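Now for the letters of each chain:
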Amino acid sequence: MPKQFYKLNDFTGGLNLIRDARDISPTELTQADNLSLGIAGSVSTANEIYATDGVLSPADIYSYPGGGLFYFESDREGGAAAKDVGERWTAALDSRTGELSLKGDVTGALSGVADMGTITTKTFSANEVQFTNTNITRGGAGGSINFGDDFQEGDVLRISGCSDTAANNRIVRVSNVYSGGTYMSTSTAFATESSEAGTVAMERLANGVFFASDDTLRVADGAYNVGLKRKQYGYVKQIHFEDAGAAKDTYDDWYANDCDLSPPTALLIHASSYPSAGTGFHLNVDSPATSSTIIGQFAAKKYQIAGTFIYRGGQESKLYIPTSNNTFTTVSGDYVDIDVNASPAYDERITGARVYMRPDGTNEPWSLLIDMNLRDGCRTGMDDEYSPWAVGGGASEAGVDTLILTSENLETYTILNGFGADEYSITLSANGESYKDVIIANRRAFICNVQMVDEDAGGTTLKRMRDRIMYTPPGKYETFPRSFFIDVVKGDSDEYTALATYGDRLFAFKRQTLYVINIGSPSPSNWFLESTERNKGVASKAGVFYGQDGIFWANKYGAFFYNGSNITNLIKGKIPQNVWMANIGVTDARHAQVTFHEKTNNFYVMANNISISAANPNGGVYTYNFDSRAWVWQAQNATGDVDYAFSNFISDGTGGIAFNSIAAVSGSATSQRGISETSGGDVVSATKWIMKTKDIDFGDPGHIKKVYGVRVTYQSSAAQTTPISYAIDGIGNFASAGGGAFTGNFADTSDVWDVLYAYPASPVECQSMQLQISNPTNQGTIKINDISIEYRPIHKRVT
């Protein structure tokens, strides 16, 4: 029978580890290390993940593993009197200092623009603790230590002060706290010792959780440090008291503030006095009023007053109810004549204020008395024109005279805000108040796994609502009324870890379960649970990435994609779950971390691995290409080991991906990294580029074939000696037991296609043959266009 050619020129099937090597498609591979299958009909070298490609990121930030980095855009560039030209920003929270830094593509670096406070640090005296493999336990004098008082599962700690220098500055994640807090398990194996002679400090690193809207960035701490407070950094351009002469204030800059909605602290009725600057307002109320030409409709009553501030976005504070000089009396058929006195300067975020009234000594609703705009003036009805501010009693004071109210307004605090005046709190602005994750969907902010002041304990302690999702009114991103919440399920020994959104769906992830909630209706009462997805939860927010293409996430059960209609587990039919879990290495201490690289259409899945040392570097990455619909495996750093903890992955605004990394053992400063976009891939170390075909039986498993050689159309940036080897008859051994190398070398072809004919020392007789192509000699890049195997069937049955 004449010689024949078996051709391989389509590799878009990628890895298939589900089926036997002989039973997979000719387009599939049994090993695909550091390959790229993004171009149909060829194989090339992958783009490096741990690359230095000029990413936009603040420098020298102590990064949090799986968090702490955020990309956003603003209409205004950085600085005072900023131009309305737009700017792209990256924000980073230093996990040790709680300081927020920014870097803009126009403004450049801005360090320490806001300070959240102080992270939790627990200090242990000499011999109080000991390190035993992956456990930290009580030492000889540590009988009273309860680790559960200070730490919990998921905390990321930086350990310092150890006499064992190998443990100093080490970053670990707490896997669990056991036996009533007597010891805790971590992600790192330490050298075992009887007790620690040094004074050990354990810092709970802060995990920056961000969202941005309307030229304002907000940051919270997803690690729940009680010494940290939510902060915002935003652009304010507005005027207070425009017609009040010297009292006029102009704001046109970026400002750092707490995420609070503080009410006034001064409000009283007095004939002529002014409040302290920025604290509130004094009112002169005439009743009975003096004009006989104005017909009033008030009854004979005594009224109590209360006041609020209104902040940017129309966000109204809780009521301040004064306890003295706080009432006025009307007579039947009369009206009210009011003068308002103000003393600048007020907080730059405040846009207005309101004064309410209700019959004294009652619990009736608070109805509107005065609506104030700090620029335009005051009015007594929401449909009235503003009476402008004028110069007050002093040159730096402001006032509005003769505001007429003829009857009680229908508008109440509840009607104007959508929640009652009796809410215990409407913000998360106290020390320690925070949440695990936040997203904006349909102009509302949604938060999950919320820590807040406990009203049942008198407001003196904090409580965690692990099953709770809270949300804001539309466009009011500091306003979190306690009654605005969703409890999908409670008491399931699980907790929320991340949120994502696509279309009208809110994806609420717990560790084990995903809840898909339809939030398309403008009314929260019409929201509903659309789907409950078991085994599709994530350990932390680093395991979720979402954008215009859909939602991407991963856990030990697989890698998932939601395209707006369906959830697909992308490893089904390709990678067994046990192989996936072993290779990714996801555990309680090593969380899955994902990203989607829009420019290459690649979905990357890795472990956020902080259980590392020089002898145990980070593992690799499974990469799925949506063009070829194929998986490959690649190293995080194709030219060396990576002993680093990565921040979360973020978009760089141009379709690329950026992140920060920090040495997980030494704790040295951040390096700025990104996924490379080099055409044709990046250099990979020798022996690290490996491609293995299926076990080819040439369509005739019942007969022996004689193989004479292979022809490979290739490009190579470096010479490679005997890069092609083979195994026969399903044994899978490329060095012996019938396997071996084909004679023939790759030349340094640069960007030119060449053809290598490689052949064995003598024709190989086999039932089947599997090929391996690698870079055994030098680091470099390789491209393969097609492979042709020259063979002849012989009339010899397989026995």
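Above this text you will find the structure in question.
Everything quoted here is computed from the prediction, not taken from an experiment.

What counts, and where the lines are drawn
Residues numbered from 1 in each chain as written. Predicted model: local features only at pLDDT ≥ 70, side-chain atom pairs only at ≥ 80, totals over all residues. Heavy atoms only, no water. Salt bridge = Lys/Arg side-chain N within 4 Å of Asp/Glu carboxyl O. Helix = DSSP H or I, 4+ residues; strand = E, 2+ residues; numbered from the N terminus. Buried < 20%, exposed > 50% of the residue type's maximum accessible area, 1.4 Å probe, protein only. Contact = heavy atoms within 4.5 Å. Pairing = 2+ DSSP bridges. Axes fitted to C-alpha atoms, helices over the stretch in contact; angles between N-to-C directions. Phe/Tyr/Trp six-rings, centres within 6.5 Å; stacked < 30°, edge-to-face > 60°. Lys NZ or Arg CZ within 6 Å of the ring centre and 35° of its normal.

J.: Explanation requested: the pattern of salt bridges in the structure shown.
T.: Opposite charge on two side chains permits them to pair, given that their charged atoms come into close proximity. Scanning the model with the defined rule gives 37 salt bridges in all. The residue K510 makes a salt bridge to D492 at a minimum N-O spacing of 3.0 Å. Of the two residues, K510 sits in strand β37 (residues 505-510) while D492 sits in the loop between β35 (485-486) and β36 (496-502), which places them 18 residues apart along the sequence. The exposure class of K510 is buried, given its relative accessible area of 0%.

J.: How do you make sense of the side chain of T137 when you look at a structure like this?
T.: Structurally, the position occupied by T137 is in strand β12 (residues 135-138). Ignoring sequence-local partners within four residues, the contact set of T137 consists of E128, V129, Q130, T132, F147, T182 and Y183.

J.: Would you mind showing me how to read the sheet that holds strand β11 (residues 129-132) here?
T.: Whether parallel or antiparallel, the strands of a sheet pair through hydrogen bonds between backbone atoms. Taken in spatial order, the seven strands make up an open sheet running β10-β16-β13-β14-β15-β12-β11, and their pairing is antiparallel. Since the sheet does not close on itself, it has two edges, and those belong to β10 (121-124) and β11, each with one partner. Sheet twist, expressed as the mean angle between neighbouring strand axes with direction ignored, is 35 degrees. Two strands pair when backbone bridges link them, and β10 and strand β16 (residues 200-204) are joined in this way by four bridges, in the antiparallel orientation. Residue pairing in the sheet places T123 in a bridge with A201 of β16.

J.: Looking at this structure, I do not really get the packing of aromatic side chains. What am I missing?
T.: On inspection of all chains with the given rule, the structure shows 53 aromatic pairs. With a centroid separation of 4.9 Å and an interplanar angle of 65 degrees, the aromatic rings of Y471 and W527 are classed as edge-to-face. Of this pair, Y471 sits in strand β34 (residues 462-471) while W527 sits in the loop between β38 (513-518) and β39 (528-534), and the two are 56 residues apart along the sequence. Taking the relative accessible area as the measure of exposure, Y471 reaches 7% and is therefore buried. Using a relative accessible area of 13% as the deciding quantity, one classes W527 as buried. On the basis of an interplanar angle of 50 degrees and a centroid distance of 4.7 Å, the ring pair of F507 and Y562 is categorised as tilted. Residue F507 is found in strand β37, and its partner Y562 is found in strand β42 (residues 558-562); the two are separated by 55 residues along the sequence. The pair formed by F507 and Y562 is uniform in burial state, with each residue classed as buried. Taking the ring centre of Y496 as reference, the NZ or CZ of K510 above it sits at 4.9 Å.

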